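Examining the three-dimensional arrangement
Given next are the chains, with one letter for each unit.
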Amino acid sequence: DVQLQASGGGLVQPGESLRLSCAASGVSIADYAMCWFRQAPGKEREGVSCISSSGRTWNTDSVKGRFTVSKMNAKNMVYLQMNSLKPEDTAVYYCATTFDIVVVTSPEVDLVNDWGQGTQVTVSS
């Protein structure tokens, strides 16, 4: 039984930071690319940041320079450090397993193997 448990979301003001965590069980993150997706009300789910099995990363343009994805294979944990948060970052953030090719191309919902339950991030003054 694969579980991806996202945590660390919350309510912050613009310019502040959050760190999201994804705890994986039933799957080894060392064998997959791991991605963070987000979905805001009324919008489609979009890829945010990904890290391949070898540690190569991909970020969508809107978060470049602000978000950093990382992982610790020994703990089976993935992280998303989010700095300089903006109101447009408000969304439910989902952790997902996918394939290494996405860090070369871009993450696609249809290439996801497993989804976490998501954690809410709200950026508001």
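Whatever comes next refers back to the structure up there.
The structure contained in this document is the topic of the report that follows. (Residues numbered from 1 in each chain as written. Predicted model: local features only at pLDDT ≥ 70, side-chain atom pairs only at ≥ 80, totals over all residues. Heavy atoms only, no water.)

As for the state of the cysteines
- By the definition in use, this model includes two disulfides.
- Between the sulfur atoms of Cys22 and its disulfide partner Cys95 the distance amounts to 2.1 Å. Judged by the torsion about the S-S bond (-80°), the Cys22/Cys95 disulfide is left-handed. Of this pair, Cys22 sits in strand S3 (residues 18-25) while Cys95 is found in strand S9 (residues 91-98), placing the two residues 73 residues apart along the sequence. Each of the two residues, Cys22 as well as Cys95, counts as buried.
- Here Cys35 connects covalently by a disulfide to Cys50, the sulfurs 2.0 Å from one another. Judged by the torsion about the S-S bond (110°), the Cys35/Cys50 disulfide is right-handed. One end of the pair, Cys35, is in strand S4 (residues 33-39); the other, Cys50, is in strand S5 (residues 46-51), and 15 residues separate them in sequence. (Disulfide = S-S within 2.5 Å. Helix = DSSP H or I, 4+ residues; strand = E, 2+ residues; numbered from the N terminus. Buried < 20%, exposed > 50% of the residue type's maximum accessible area, 1.4 Å probe, protein only.)

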